[in-house]
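Descriptive structure summary
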Amino acid sequence: MPHSFEAILENLPQGIVLLDSANTVTAFNSRTLDILGLPDGALRRGMNIDGLPGTADCRAAACSRLTIGRQNTSQFALPDGRMISLTCAPSRNGSWILSYEDISTHIRAEHNLTEQHRRFDAALSNMPHGLCMFDSEKKLILCNASYARMYDLPDFLTQPGTPLVDILAYRSRQGNGPADTATYFDVVFEATARGAPASQNIALSDGRIIKITHNPMQNGGYVATHEDVTRTVRLAEELRHHHDQLEITVQSRTAEVERQARELERMLSQERNINQLQRQFVAMASHEFRTPLAIIDAAAQRLLRKGGAVEPEFLNDKVEQIRASVSRIVDLMESVLSDGRLDTGKIDISYDECALGALIRTCCERQSAISKTHGFVLDIDGLPEFIDADPRSLGQVFTNLLSNAVKYAPGRSEIRVAAWEDRGNVKVAISDDGVGIDAEDLPRLFQRYFRARTSTGIAGTGIGLNLVKQIVELHQGSIEVRSARGCGSTFTVTLPIKRAPGVSVRKDVA
């Protein structure tokens, strides 16, 4: 039994000293020497406790009957700086048990914890953002001064245990509560569902924007930081607005630059086309003028060779050739001059009573004299006696159309001209059975200098149909064409019988 007792005593983590009623040592373990830093032999049985560190308090307790049955604990420092806790526990027979424990590590831990608490309190107090902590029942655990200042909370609402509903009610009365209470706790639910921090910007009734970040705790509570981001949000909104405006401006400018680039490219392309067409026109016009001049020259030479002996038939034939060629030159010159007047922006339209039927017959007769290979079939009895128009310019219109019908139907002899009245208008259709026009060329047929692909090898300037369209439109009329390659063409001119009100006698074309 004594051996068992000593074994138990020796295995205790504390230093143990047993005293009898006379305060003399009856037993102890080696742990006591280690804790007190005593050498072997410094503690022995039968010695008085006067030589042990920290026993003065134990003697005082032992001398006081009030301590019988009660233990007394005191602390003392050893020379090496360690702190020792001494517990004196009395027994009924007057003996004592002294228990020594090295509490230096515990003391340092408490000191460190106290220092950490102090630093935490300092950090909490000096945080620029509001911080609060609530338990699972949404009762306040703690908050810092910034949180209280942010919402102008009185002291009684910053005490632990204050319900969140009371804080929100007070803020609502002060006018700084959330503007939308229905979504105020959305971030709490989000953070709880994610098990991670979640943030959202909350608009307050006073106009401020507060960024609230919730961090859930395992016990169901949460820690939240409140940051006033009003200025940041406003600046971001202004920046976004400026960015949007800048983007719109850039897009607008870019679109304008692209449009101008496209327009410039179109104009350059058009200019190139016009230059090309003008070169072609000059070449064709030269050929067109050269042909009748050559005919005049040849007829004149033959007359000269005949000398005085000229048969009437021969003379008449050559004179007719000369007159027809001169007429062709005059028509060409008139077309070029009219085209030039259109190009400069002015052309005269002199309205008068125009006998359209007689005008068409005259144009056909002139064309018959020039082109004896073709005959003209007229069906124009349905025309009114007169229309309001400029006979001179309409003469150009029908001369061009009739000469084109002859020119582009070289292997055919018949040109058909039909005219009739139609609901306040007259319509004149000139048809041939010539080479026709490709469908792809029809939309561009009335463009200046344009010539259809089927006109290859046939002389022409490319200004006639454009001039026709311009003159017809100046009369408030229209022209259309029906044609197909190899199937001939029909040009139909529509003109009003009476001049429209407000149409001036002189017309400026820009």
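How each quantity is defined
- Residues numbered from 1 in each chain as written.
- Predicted model: local features only at pLDDT ≥ 70, side-chain atom pairs only at ≥ 80, totals over all residues.
- Heavy atoms only, no water.
- Helix = DSSP H or I, 4+ residues; strand = E, 2+ residues; numbered from the N terminus.
- Contact = heavy atoms within 4.5 Å.
- Areas by Shrake-Rupley, 256 points an atom, 1.4 Å probe, with all protein chains shown as cover.
- Buried < 20%, exposed > 50% of the residue type's maximum accessible area, 1.4 Å probe, protein only.
- Polar contact = N/O pair within 3.5 Å; in protein donor to acceptor, adjacent residues only side chain to side chain.
- Pairing = 2+ DSSP bridges.
- Axes fitted to C-alpha atoms, helices over the stretch in contact; angles between N-to-C directions.
- Core = buried A, V, L, I, M, F, W, Y, C linked by side-chain atoms within 4.5 Å.
- Expected span 1.5 Å × (residues − 1).
- Arc of directions from axis to C-beta.
- Salt bridge = Lys/Arg side-chain N within 4 Å of Asp/Glu carboxyl O.
- pLDDT = per-residue confidence, 0-100.
- Phe/Tyr/Trp six-rings, centres within 6.5 Å; stacked < 30°, edge-to-face > 60°.
- Lys NZ or Arg CZ within 6 Å of the ring centre and 35° of its normal.

Turning our eyes to something else, we now look at the overall build of the chain. A tally of helices and strands in the chain yields 12 helices and 19 strands. A separation of at least 24 residues holds for 54% of the contacts in the chain among residues at least 6 apart in sequence. In the form shown here, the chain has an accessible surface area of approximately 29,400 Å², with 53% of it arising from carbon and sulfur atoms.

Within the element layout of this structure, Gln200 appears in strand β8 (residues 198-203). Gln200 sits in the buried class, given a relative accessible area of 18%. In this structure the side chain of Gln200 is engaged in a polar contact, spanning 3.4 Å, whose partner is the backbone oxygen of Thr183. Among residues more than four places away in sequence, those in contact with Gln200 are Thr183, Tyr184, Asp186, Val187, Ile210, Lys211 and Ile212.

Turning our eyes to something else, we now look at the environment of Ala203. You can see Ala203 is positioned in strand β8. For Ala203 and Tyr184, which are 19 residues apart along the polypeptide, the C-alpha to C-alpha distance reads 9.3 Å. Excluding its chain neighbours within four sequence positions, the residues that come into contact with Ala203 are Pro178, Ala179, Asp180, Arg208 and Ile209.

Let us look at unusual backbone geometry. Backbone geometry at Asn23 places phi at a positive 65 degrees, although glycine is not the residue there. Mapped onto the secondary structure, Asn23 falls in the loop between β1 (15-19) and β2 (25-28).

Backbone hydrogen bonds hold the strands of a sheet together, and the pairing may be parallel or antiparallel. With mixed pairing, 5 strands are arranged side by side in an open sheet as β13-β15-β16-β18-β17. A single partner strand is all that each edge strand has here, and the edge strands are β13 (375-379) and β17 (478-483). When strand polarity is set aside, the average angle formed by the axes of neighbouring strands in this sheet is 15 degrees. Across 7 bridges, strand β15 (residues 414-422) lies against strand β16 (residues 425-432) in antiparallel orientation.

Leu356, Leu394, Phe398 and Leu401 are the most contacted members of the largest nonpolar core, which has 39 residues in total. Those elements giving two or more residues to this core turn out to be α10 (356-370), β14 (387-389), α11 (391-407), β15, β16, α12 (464-474), β17 and β18 (489-496). Element by element, the count of residues in this core is highest for α11, at 7 residues. Aside from chain neighbours lying at most four places away, what touches Leu394 is Cys354, Leu356, Leu359, Ile387, Ala389, His475 and Leu495. Formed by 25 residues, the second largest nonpolar core is a distinct cluster that contains Cys143, Ile167, Val188 and Ala191.

What the 5 strands build is an open sheet, ordered β7-β6-β10-β9-β8; its pairing is antiparallel. Of all the strands in the sheet, just β7 (140-143) and β8 have a single pairing partner and so form its edges. Between one strand axis and the next, the sheet turns through 20 degrees on average, direction left out of account. Both β8 and strand β9 (residues 209-216) contribute to a ladder of 6 bridges, which runs antiparallel.

Let us now look at α10. Between the first and last C-alpha of α10 there are 21 Å, a value that for 15 residues agrees with the 21 Å anticipated at 1.5 Å per step. Those residues of α10 not exposed but buried are Leu356, Gly357, Leu359, Ile360, Cys363, Cys364 and Gln367. The buried residues of α10 occupy one face: seen down the axis, they fall within an arc of 165 degrees. Contacts from the buried residues of α10 go to β12 (352-354), β13, β14, α11, β15 and β16.

Looking now at α12. Buried residues dominate α12, accounting for 8 of its 11 residues. Taken residue by residue, α12 has Gly464, Leu465, Asn466, Leu467, Val468, Ile471, Val472 and Leu474 as its buried positions. One or two steps after α12, the chain reaches Gln476, where phi turns positive at roughly 60 degrees.

Moving on: the pairing of β18. Across the 8 residues of β18, 8 count as buried, placing the element largely inside the fold. By the bridge criterion, 8 bridges tie β16 to β18 in an arrangement that is antiparallel. Note on β18: the bridge partner recorded for Asn425 is Pro496. Taking the residues between adjacent antiparallel strands as the criterion, β17 and β18 are bridged by 5 residues, where Gly486 takes a positive phi near 80 degrees.

We now examine the pattern of salt bridges. Side chains bearing opposite charge may pair, as long as their charged atoms lie close to each other. Counted under the stated rule, the structure contains 19 salt bridges. Arg82 is paired through a salt bridge with Asp80; the nearest N and O atoms lie 2.8 Å apart. Arg361 is paired through a salt bridge with Asp381; the nearest N and O atoms lie 3.5 Å apart. With Arg361 in helix α10 and Asp381 in the loop between β13 and β14, this residue pair connects regions lying 20 residues apart in the sequence. Owing to a relative accessible area of 67%, Asp381 belongs among the exposed residues under this scheme.

Detailed conclusions should not be drawn from predicted coordinates in areas where pLDDT is low. Per-chain confidence: the chain averages 82 in pLDDT, with 84% of residues scoring 70 or above. Scored below 50 in pLDDT, residues 505-510 makes 17 contacts in the model with residues more than four places away or belonging to other chains.

Under the defined criterion, the tally for this structure stands at 5 aromatic pairs. Ring centres of Phe134 and Tyr222 lie 5.7 Å apart, and the angle between their planes is 35 degrees; on these two criteria the pair is classed as tilted. With a gap of 88 residues between them, Phe134 in strand β6 (residues 130-134) and Tyr222 in strand β10 (residues 222-228) connect regions that are remote in the sequence. Sitting over the ring of Phe185, Lys138 keeps its end group 5.8 Å from the ring centre. Its end group placed over the ring of Tyr351, Arg499 keeps NZ or CZ at 5.0 Å from the ring centre.

We now examine the environment of Leu474. Residue placement: Leu474 occurs in helix α12. For the pair Leu474 and Ile349, spaced 125 residues apart in the sequence, the C-alpha separation amounts to 7.8 Å.

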